[in-house]
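# Working through the structure, step by step
Given next are the chains, with one letter for each unit.
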Amino acid sequence: MIPASFDYVRATSLAHAIGLLQNDPDGSKLVAGGHTLIPTLKLRLASPALLIDIGGVGELKGIEVADRIRIGALTTHAELLASEPLRKVLPIFNQAADLIADPQVRNRGTIGGSLANADPAADWPAVAIAVNAELELAGPGGRRHVAAKDFFVDIMTTALELDEVLVAIHIPRPDPGLQFRYRKIRHPASGYAVVGVAVSLRRRDGTVSQATIGITGATGHAFRADSASAHLTGKPLSSQNIARAAALASEQADCLSDGYASADYRKHLVKTEVARALTSLSDA
Ligand SMILES: Cc1cc2nc3c(=O)[nH]c(=O)nc-3n(C[C@H](O)[C@H](O)[C@H](O)COP(=O)(O)OP(=O)(O)OC[C@H]3O[C@@H](n4cnc5c(N)ncnc54)[C@H](O)[C@@H]3O)c2cc1C
């Protein structure tokens, strides 16, 4: 199909993009990799009057690994997959990027576009929650940071205001010894997560001292499985404790149903995927 007509401006800076958004927040759309937005326009599910291309805005680019880790919103899945400094401190980005779609999508799609779009089946939201990321948003009123666990509000709805831009993802540098795992059941056609589970976990003296579990695909938006984490903390990572944590995560999930997977099946997958992710760390 052919999109409705629109104007197109290539933003030269973050301030330029925000100024354009501010002029007409309802009628404007940012475009990053375009891998979701362009199909949406072609299906006429959206008909913005103005497309603001942020692809040339330098402030939104790059991966910095220092005391904190900063990932610019325009960083592509392929760049996240290829970054050796990032893989060394946060291997979960490599694990997740490797499971996203195919090389074409990975070369164009951006982490910022994925998080801002908040598709219930996207991979990055679970990872951002599991690594306790903060998302940096910029708008006419200045900048603010929102914890990833609070950013995803509903199906394709986030804490972003219409005139705000997601600038970067910030993550505290993990201590050595923190373990990570991302795994998912892929939709066979798109590669999106039917259910995806991201875990960061630390053990001290044989017991779990910290566990954060992000889950995507199952529900209308990615969520943090708090009851599962609370159950694991202070206990050994035994098969019995893993099974109970997985059951608690599944109980917390108010699952979606569609032509591919029923809500009951998704609930089952939350349980099996959380258990598999935790078991793989207990073996490591
Ligand atoms: C065939 C196919 C398979 C895919 N498989 C997977 C998969 O397995 N897993 C997965 O997670 N994803 C998958 N995707 C999605 C893809 O990986 C992209 O992440 C996704 O399309 C969004 O990124 P983008 O850069 O293309 O965003 P765009 O399409 O450019 O934008 C998407 C939305 O986000 C907004 N936006 C973009 N950047 C910003 C920003 N910085 N600040 C505020 N708003 C912004 C736009 O206005 C738009 O509303 C797939 C896509 C396709 C086409």
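The residue numbers shown here count from 1 along each chain, following its written sequence. Reporting of local features is limited, given that this is a predicted model, to residues whose pLDDT is at least 70; pairs of side-chain atoms are given and counted only at 80 or more, and all residues count toward the totals for whole chains, interfaces and linings. The basis for every side-chain value is the complete set of non-hydrogen atoms in the structure, without hydrogens or water.

A word on the overall build of the protein chain. For helices the rule is a DSSP run of H or I covering at least 4 residues; for strands it is a run of E covering at least 2, with both sets numbered from the N terminus onward. Looking only at helices and strands, one finds 12 helices and 14 strands in the protein chain. Compactness check: the protein chain gives a C-alpha radius of gyration of 19 Å against a globular reference of 19 Å for 284 residues, within 12% of the reference. Dimensions along the principal axes, computed over C-alpha positions, put the protein chain at roughly 60 × 45 × 35 Å. A burial count over the protein chain gives 49% of its 284 residues as buried. When checking whether two residues touch, look at their non-hydrogen atoms; a contact exists if any pair is within 4.5 Å. Within the protein chain, counting contacts between residues at least 6 apart in sequence, those at least 24 apart form 62% of the total. Per element, the accessible surface of the protein chain, about 12,500 Å² overall, is 51% carbon and sulfur. In this treatment the radius of gyration is a C-alpha quantity, and the globule benchmark scales as 2.2 Å times the residue count to the 0.38 power. Buried, partly exposed and exposed residues are distinguished by accessible area as a fraction of the type maximum, computed with a 1.4 Å probe on protein chains only: under 20%, between the cut-offs, and over 50%, respectively. Using a 1.4 Å probe, accessible areas were evaluated by the Shrake-Rupley method; residue-level cover was limited to the displayed protein chains.

Let's shift gears to the site of the ligand. Around the ligand, the structure places 30 residues, and the nearest of them are Leu30, Thr36, Leu37, Thr110 and Asp123. In this structure, glycine 33 approaches the ligand through a main-chain N or O atom, which is 2.8 Å from an oxygen atom. Within the side chain of threonine 36, an N or O atom sits 2.5 Å from an oxygen atom of the ligand. For the shell around the ligand, the elements supplying multiple residues, two or more each, are β2 (28-31), α7 (111-117) and β10 (165-172). The element that contributes the greatest number of residues to the shell around the ligand is α7, accounting for four residues. Gly counts as polar in this scheme, as do all residues outside two lists: the nonpolar Ala, Val, Leu, Ile, Met, Phe, Trp, Tyr, Cys and Pro, and the charged Asp, Glu, Lys and Arg. Residues of the shell around the ligand, tallied by class, amount to 15 nonpolar, 12 polar and three charged. The cutoff for a nearby residue is simple: one of its non-hydrogen atoms must lie within 4 Å of the molecule or strand. Two N or O atoms count as a polar contact when they lie within 3.5 Å, although within protein this holds only if one can serve as hydrogen donor and the other as acceptor, and sequence-adjacent residues are included solely when both atoms are side-chain atoms.

Turning our attention to the sheet that holds strand β14 (residues 223-224). What makes two strands pair is DSSP finding at least two bridges between them. In spatial order, the strands read β11-β12-β13-β14; together these four strands make up an open sheet with antiparallel pairing. This sheet does not close on itself; its edge strands, each paired only once, are β11 (179-186) and β14. Relative to strand β13 (residues 207-216), strand β12 (residues 193-204) is paired through nine bridges, and the arrangement is antiparallel. Paired with leucine 201 across the two strands is alanine 211, which belongs to β13.

Residues spaced three or four apart along an α-helix face the same direction, because each turn holds 3.6 residues. Here helix α12 (residues 263-282) is 20 residues long and its end C-alpha atoms lie 29 Å apart, about the 28 Å a rise of 1.5 Å per residue gives. Burial in α12 covers these residues: Arg266, Leu269, Val270, Thr272, Glu273, Val274, Ala277, Leu278 and Leu281. In this structure, the buried side of α12 is in contact with β11, β12, β13, α10 (226-232) and α11 (239-252). The span expected for a helix works out to 1.5 Å for each residue beyond the first.

How far each domain reaches was decided by an automatic or database domain assignment. According to the domain assignment, the protein chain contains domain 1 (7-53), domain 2 (58-172) and domain 3 (181-282). With 11 residues of domain 1 in contact, the opposing surface of domain 2 contributes 17 residues. When two parts are put together, the accessible area they lose, computed with a 1.4 Å probe and summed over both, is reported as buried area. Around 1,100 Å² of area is buried between domain 1 and domain 2 when both sides are counted, 75% of it from carbon and sulfur atoms. Of all residues in domain 1, Leu14, Ile18 and His35 give up the largest surface area on contact with domain 2, accounting jointly for 44% of the area buried on that side. Note on definitions: salt bridges are taken to be side-chain nitrogens of Lys or Arg within 4 Å of carboxyl oxygens of Asp or Glu. Remark: the boundary between domain 1 and domain 2 carries zero salt bridges. The interface formed by domain 1 and domain 2 contains zero residue pairs in polar contact (both at pLDDT 80 or more). Taken together, the residues of the side of domain 1 that touches domain 2 sort by class into six nonpolar, four polar and one charged.

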